[in-house]
Every structure is written in C-alpha cells, then in structure tokens.
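Chain by chain, the residues:
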Amino acid sequence: MAEYQSKLTDNAADFIWPNDDVFGRIASRYDWLCDLFSFGLHRLWKHRMAQRIAGETWVTLLDGATGTGDIMLRIFSKISDKKKNIIAADISEKMLGVAHRKLMPMPSNVSLVRLDAENMASIPSASIDAYSISLALKICNRHRVLEEALRVLKPGGRLIVLEASNIRYAFIQRLYLVYMSICIPLLGWLMTAGDTSAYKYLLKGIKEFPSAEGLAAEMLNAGFESVEFERLTLGIVAIHVARKPLVGTLHV
Ligand SMILES: C[S@@+](CC[C@H](N)C(=O)[O-])C[C@H]1O[C@@H](n2cnc3c(N)ncnc32)[C@H](O)[C@@H]1O
C-alpha cells in the first residue's frame, strides 16, 4: 500500500479523469448521497455483499470499482485471517482518496490501485482467488468487465457481483423506475451543480440493465459456471456468485 499512498497524496488534488470523472466530482459526498437516495438501504446490501465475499475461500481478493471502499470496510469485521490480501481498485483517483482515508486504519494488507475494470493489464492472468464488483457493472461495459474478471481469476475462483436488478412485481418496478427517473437527475444536479452531461452518464444502463436471470445468462455466456443469485429488497438489487471453471478456460 505504501507505494500507492505516496502517489495518492501527491497527485489526488490534480487528477482529472480523462473521460468524465462524475464520481470524482462527488467523492467526498458519495456515501452521504447513497444514504439519501437509497433511504439507507445500500447499507443492508453492502453488509450482505461483504458477508457473501467473506464467506468465499480466498487469499487474494480484487474489488473492482471499489469506490469509497465501503464494502471493503465491512469485510474487515468479517475476516480474522491476517494473511488475506485485498486489492481495492477504481478508475477514479478521488474515490480512491476517500477509500484510502477509510481503509488506512484497517489491520490488513490492502492495496489501493487505480485500475479500469474493463482493462486490468497490470493484473496477471489467473492470479486472483475472488473478484468482486458492486453497483458498477451498469455503468461499465459489463461484457468487458466479465471478460477481464474471468481472465484474472484463478481456475475455480469466484466472481461476486452486487448490482441493480429488477423488482418482480411489475407495478412496483414501474413506480421504482419513476422514482429513479426523478431522483437520478436530481442527484446529478446536486453532484455537479447543473452539469447535464452527468445525468446521462448516471442514467446510462439503469433502465436497460438485464434482469437477475438475464445477468446470470450473460455470466454463463462469458464462460463462468455454477451461477447463482439472490435478490435483495424485492429485487431492487441482486447478488450473483459464479465460478471460473477449473479446466477449459486458458487465458494468456
Ligand atoms: C456507483 S459507484 C460504486 C462504488 C462501490 N463499489 C460501492 O458499492 O459503493 C461506481 C464506481 O465505479 C467507478 N468506475 C466507473 N467506471 C469504472 C471503470 N471502468 N473501472 C473502474 N472503476 C470504474 C467509479 O469511479 C465509482 O467509484
């Protein structure tokens, strides 16, 4: 962690994400906004996600798009093995800056790394026991993220995904989408003081994201096996767990 820490401290204030660092612009308010717009429900989802990750067998965990490190923080209370290594990665250096402040006091091996989940060239193939990603697949190219997850995982390694999903009761799903259509633009306005490009970015993928069954099928198509999922809060989000096959997937 030491190497990254100094880089982070030196450069965080100057860093500009070349595309559109929407999350960087709200990094210091991100956790608060999550509470506000999910009515605190994100805490339950992240608690359950941390439980699922901690329940898998791993020595090295890579958390892609880790954001402010909220889920990694919850994992520390669930693991006692000091030999575990966690790589908490995100594309936004400012989000990593917040994660750094939250995770620094934790007594474990955590590396904070700036990585694009769609292209993690610095992570060797078949080097990771478990790969997790939360609330970010819908804003990334999920096919590329799944491909990269499969590449970096060791055979038999686990993929654990927390993501927005579909409520199975059509009427409630429609109400929820109306809420999101009002809420997300408001969120965008609050975050960016009227920068409308952010609205499009945040809305990207929310409505079109596949159902829990659809995402499970995409994981199978990507080459994973033993895919299972659990819905949380009527299906507003779901946690999918999948395994990289022991044989048959050669990544070089
Ligand atoms: C909605 S936040 C989720 C953060 C965290 N996983 C959580 O559950 O609180 C999405 C995160 O994805 C990051 N992100 C967006 N595109 C990314 C990419 N291509 N690679 C890595 N991180 C990305 C953003 O910087 C942001 O921190």
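Definitions and limits used
Residues numbered from 1 in each chain as written. Predicted model: local features only at pLDDT ≥ 70, side-chain atom pairs only at ≥ 80, totals over all residues. Heavy atoms only, no water. Axes fitted to C-alpha atoms, helices over the stretch in contact; angles between N-to-C directions. Helix = DSSP H or I, 4+ residues; strand = E, 2+ residues; numbered from the N terminus. Parallel < 35°, antiparallel > 145°, perpendicular 65-115°, else oblique. Contact = heavy atoms within 4.5 Å. Nonpolar A, V, L, I, M, F, W, Y, C, P; charged D, E, K, R; others polar. Buried < 20%, exposed > 50% of the residue type's maximum accessible area, 1.4 Å probe, protein only. Pairing = 2+ DSSP bridges. Near = heavy atom within 4 Å. Polar contact = N/O pair within 3.5 Å; in protein donor to acceptor, adjacent residues only side chain to side chain. Areas by Shrake-Rupley, 256 points an atom, 1.4 Å probe, with all protein chains shown as cover. pLDDT = per-residue confidence, 0-100. Left-handed = near helix turned anticlockwise from the far one by under 90°.

**Things to note about the packing of helix 3 (residues 30-38) against helix 4 (residues 41-55)**
Right, on to step 1. Direction vectors running N to C along helix 3 and helix 4 enclose 110 degrees, while the axes themselves pass 7 Å from each other. Considered as vectors, helix 3 and helix 4 are oriented roughly perpendicular to each other. Contacts between helix 3 and helix 4 involve Tyr30, Asp31, Cys34, Asp35 and Ser38 from the former and Leu41, His42, Arg43, Trp45 and Lys46 from the latter.
Right, on to step 2. Per-class residue counts for the contact of helix 3 with helix 4 are four nonpolar, two polar and four charged.

**Topic: the pairing of strand 7 (residues 237-243)**
Right, on to step 1. For strand 7, the buried fraction is high: six of the seven residues fall into the buried class.
Right, on to step 2. Note that strand 6 (residues 225-232) and strand 7 share six bridges and pair antiparallel. When the sheet's bridge partners are listed, Glu225 is paired in strand 7 with Arg243.

**Comments concerning the site of the ligand**
Right, on to step 1. Near the ligand lie 20 residues; those nearest to it are Ala65, Asp90, Asp116, Ala117 and Ser134.
Right, on to step 2. In the environment of the ligand, an oxygen atom lies 3.3 Å from a nitrogen or oxygen atom belonging to the side chain of Tyr30.
Right, on to step 3. Protein coverage of the free-state accessible area of the ligand, which is 610 Å², stands at 96%.
Right, on to step 4. Across the shell around the ligand, the residue classes break down as 13 nonpolar, four polar and three charged.

**Regarding the environment of Leu159**
Right, on to step 1. Locating Leu159 in the fold gives a position in strand 5 (residues 153-164).
Right, on to step 2. Residues Leu159 and Ile133, spaced 26 residues apart in sequence, show a C-alpha to C-alpha distance of 8.3 Å.
Right, on to step 3. In contact with Leu159, other than residues within four places in its own chain, are Tyr131, Leu146, Ala149, Leu153, Met219, Phe224, His240, Val241 and Ala242.

**Regarding the confidence of the model for the protein**
Right, on to step 1. Averaged over every residue, the pLDDT of the protein is 84; residues scoring 70 or more account for 83%.
Right, on to step 2. Predicted confidence in the protein is weakest over helix 1 (residues 2-11), with a mean pLDDT of 33, and strongest over strand 4 (residues 128-134), with 98.
Right, on to step 3. Note that pLDDT drops below 50 for residues 1-18; the model gives that stretch 30 contacts with residues more than four away or on any other chain.

**Overview of the packing of helix 7 (residues 142-152) against helix 10 (residues 212-222)**
The axes of two packed helices give the description: the angle between them and the distance between them.
Right, on to step 1. Where helix 7 meets helix 10, the closest approach of the two axes is 10 Å, and the angle between their N-to-C directions is 50 degrees. Between helix 7 and helix 10, the crossing angle belongs to the class labelled oblique. Here the hand of the crossing between helix 7 and helix 10 comes out right-handed. Between helix 7 and helix 10, the contacting residues are Arg142, His143, Leu146 and Leu150 on the first element and Leu215, Glu218, Met219 and Ala222 on the second.

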